[in-house]
Amino acid sequence: MSETDQDHPRGPHLAPFRGLRFVRERVGSLAAVTSPPYDVVVRPDGQRHLETADPYNVVRLILPDAATPDARHRKAARTLAAWLDRGVLAPDPVPALYVYEQRDGDHLQRGVIGALRLSGPEEGAVLPHEDVMPGPVADRAALMRATAANLEPLLLAYRDGPATARVVERTATAADPLLATTTEDGVRHRLWALTDPADLTAIDAELADRQALIADGHHRWATYRRLQTAHPPGTGWDYGLVLLVDTTRYPLRVRAIHRVLPELPSAAALAAARHVFRVRRLAGGDLAGALEALEEASAEAEGALPDASAGRGTSTGAGGNAFVLAGDGSFHLLDRPDPVLLREAVPEDRPEPWRRLDATVLHSLLLDRVWQVPDSPDHIRYIHDTEAAVRLAGQLGGTAVLMHPVREHIVLDLARQGVMMPRKSTSFGPKPASGLVMRSVELG
């Protein structure tokens with residue numbers, strides 16, 4: 001990658017790179033050294049489980065265990081250097097893009113992993129859609145700087161790339177993969193290297209006039225951009241590791257990210273919420289039934305914005321926003337927020353779709369005003385897995401707030417307007433497994 005790459009036309013530009021990969025003969029199994037992305041690992045139980053799966057599990061790089069942040073980052077750097085010295089990790093011999101396939105039951109996803117040329121918002125090549133928290137960005141930046149590596153790819157989505165699709169599908173159906181493994185969640189992963197100049201040129205030409213939406217990895221994108229500005233132009237820090245998926249051919253799954261409030265007992269949360277929402281205890285007391293009730297309430301509410309001149313949430317016959325609260329062994333449905341209090345709490349300087357988001361209402365009305373919960377890691381934990389969120393809330397004596405996912409078209413429409421959603425509003429997937437291919441900044 002050279003300084004002339006900075007003159008590349010507007011649009012995502014994927015550069016080949018020499019992928020760092022685990023040497024199959026030096027580890028127990030490729031599946032045992034992989035991990036979910038760092039922010040999906042449920043700590044500490046999930047972290048310990050991965051650490052014991054194999055002494056070379058990548059979680060030791062992405063979530064190093066030490067007493068202080070500086071010590072963690074130094075430990076990750078030492079670990080990475082040691083694994084390279086021992087031949088546990090090795091760079092591929094030539095630069096390549098990588099076709100990556102995930103198969104989860106009947107859901108198939110294929111995309112291209114490459115080193116993405118970083119660009120600012122003025123170019124419009126990459127569209128973020130969520131705000132980020134400065135703490136995680138600073139932590140990831142320190143980790144990447146210490147290791148001089150991109151350890152996990154972002155997930156980017158774009159639409160309608162027939163030339164790239166032909167390359168991806170031909171490769172995935174006609175060539176032997178570099179690796180194939182099935183992780184313990186049952187997902188099958190396969191990876192191929194793309195080195196043919198004609199294939200690389202076809203992909204590059206097609207992406208030049210596309211836009212890519214950040215589906216997963218906003219904090220890592222902000223980290224890439226921070227490190228880019230801290231280093232001279234024309235270096236390896238002008239690029240970041242990404243997986244790019246054409247969602248016209250391989251639609252992503254969109255799931256919610258739940259909140260766990262460890263310092264707020266569920267009884268106190270429910271008592272305060274009754275002043276703002278209709279609160280109903282759900283019969284049965286099981287998670288599946290609670291999620292079904294949440295889906296029904298969200299489906300009923302879709303398309304409705306409560307009117308302050310009408311009764312609570314009755315202006316269009318729908319109920320506005322809805323959440324499920326858990327933590328004491330029972331489940332309660334919150335719906336039909338008070339329209340007057342809702343209007344007072346939610347900022348008016350944003351588009352209506354943003355004002356109606358469940359995450360907007362949760363943070364503006366419940367967390368900030370009613371519960372007065374600070375937005376810090378000690379007070380709000382963001383958990384992707386529903387069962388894990390409920391279990392953690394019970395263990396900590398706190399409250400789990402279960403969310404309903406946002407529709408993809410709303411995310412894309414807001415991103416194109418330059419409007420950021422509340423952080424941790426969505427969970428797109430399947431997410432790429434960490435540990436299958438990494439990128440050394442020094443190798444380009």
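Because the structure is predicted, anything quoted here is derived from the model rather than measured.

1. Points about the sheet that holds strand 3 (residues 89-91)
The strands making up a sheet associate through backbone hydrogen bonding, with each pair oriented either parallel or antiparallel.
Part 1 of the reasoning: Pairing is antiparallel across the open sheet formed by 4 strands, whose spatial order is 3-2-21-7. Each edge of the open sheet is held by one strand with a lone partner, namely strand 3 and strand 7 (149-150).
Part 2 of the reasoning: Pairing analysis gives 2 bridges linking strand 2 (residues 19-22) to strand 21 (residues 438-440), with the strands arranged antiparallel. Its bridge partner being in strand 21, Leu20 is matched across the sheet by Met438.
Part 3 of the reasoning: Strand contacts of helix 3 (residues 69-86): strand 2, strand 3 and strand 7, with the helix running at about 75 degrees to strand 3, the strand carrying the most contacts.

2. Points about the nonpolar core
Generally speaking, soluble globular proteins have nonpolar side chains that are buried together.
Part 1 of the reasoning: With 115 residues, the main nonpolar core has Phe22, Ile113, Phe277 and Trp371 as its most contacted residues.
Part 2 of the reasoning: By size, the runner-up hydrophobic cluster in this structure holds 20 residues, among which are Leu287, Ala326, Leu333 and Ala400.

3. A look at helix 6 (residues 197-207)
Helical geometry: 3.6 residues make up each α-helical turn, so side chains three or four residues apart lie on a common side.
Part 1 of the reasoning: Those residues of helix 6 that sit buried are Asp199, Leu200, Ile203, Asp204, Glu206 and Leu207. All buried residues of helix 6 lie within an arc of 170 degrees about the axis, which places them on one face of the element. In helix 6, the exposed positions that point more than 90 degrees away from the buried face belong to Pro197, Ala198, Thr201 and Ala205.
Part 2 of the reasoning: Two or three places before Ala198, at the start of helix 6, stands the capping residue Asp196, its side-chain oxygen 2.7 Å from that residue's backbone nitrogen.

4. Side note on the pairing of strand 11 (residues 212-216)
Part 1 of the reasoning: In terms of burial, strand 11 is largely enclosed, as 5 of its 5 residues are buried.
Part 2 of the reasoning: Relative to strand 11, strand 6 (residues 126-127) runs parallel, the two being bridged by 2 bridges. Across the sheet, residue Val126 finds its bridge partner in strand 11, namely Ala212.
Part 3 of the reasoning: With 3 bridges connecting them, strand 8 (residues 154-158) and strand 11 associate as antiparallel partners. The residue bridging Leu155 from the neighbouring strand is Asp216, located in strand 11.

5. Quick word on the packing of helix 5 (residues 162-174) against helix 6
In a packed pair of helices, the relevant descriptors are the angle between the two axes and the axis-to-axis distance.
Part 1 of the reasoning: Close contact between helix 5 and helix 6 brings their axes to 8 Å; oriented N to C, the two are set at 145 degrees. For the pair helix 5 and helix 6, the sense of crossing is left-handed. Here helix 5 contributes Pro162, Ala163, Thr164, Val167 and Arg170 to the contact with helix 6, which in turn contributes Asp199, Ala202, Ile203 and Glu206.
Part 2 of the reasoning: For the contact of helix 5 with helix 6, the per-class residue count stands at 5 nonpolar, 1 polar and 3 charged.

6. Some details on the side chain of His129
Part 1 of the reasoning: Tracing the sequence through the fold places His129 in the loop between strand 6 and helix 4 (134-147).
Part 2 of the reasoning: At a separation of 2.9 Å, a polar atom in the side chain of His129 contacts the main-chain carbonyl oxygen of Ile214.
Part 3 of the reasoning: A polar contact of 3.0 Å, which involves the side chain of His129, links it to the side chain of Thr426.
Part 4 of the reasoning: Not counting residues up to four positions away in its chain, the partners in contact with His129 are Leu213, Ile214, Ala215, His218, Val411, Ala415, Val419, Met420, Met421, Thr426 and Phe428.

Calculation criteria
- Residues numbered from 1 in each chain as written.
- Predicted model: local features only at pLDDT ≥ 70, side-chain atom pairs only at ≥ 80, totals over all residues.
- Heavy atoms only, no water.
- Pairing = 2+ DSSP bridges.
- Helix = DSSP H or I, 4+ residues; strand = E, 2+ residues; numbered from the N terminus.
- Contact = heavy atoms within 4.5 Å.
- Axes fitted to C-alpha atoms, helices over the stretch in contact; angles between N-to-C directions.
- Core = buried A, V, L, I, M, F, W, Y, C linked by side-chain atoms within 4.5 Å.
- Buried < 20%, exposed > 50% of the residue type's maximum accessible area, 1.4 Å probe, protein only.
- Arc of directions from axis to C-beta.
- Polar contact = N/O pair within 3.5 Å; in protein donor to acceptor, adjacent residues only side chain to side chain.
- Left-handed = near helix turned anticlockwise from the far one by under 90°.
- Nonpolar A, V, L, I, M, F, W, Y, C, P; charged D, E, K, R; others polar.

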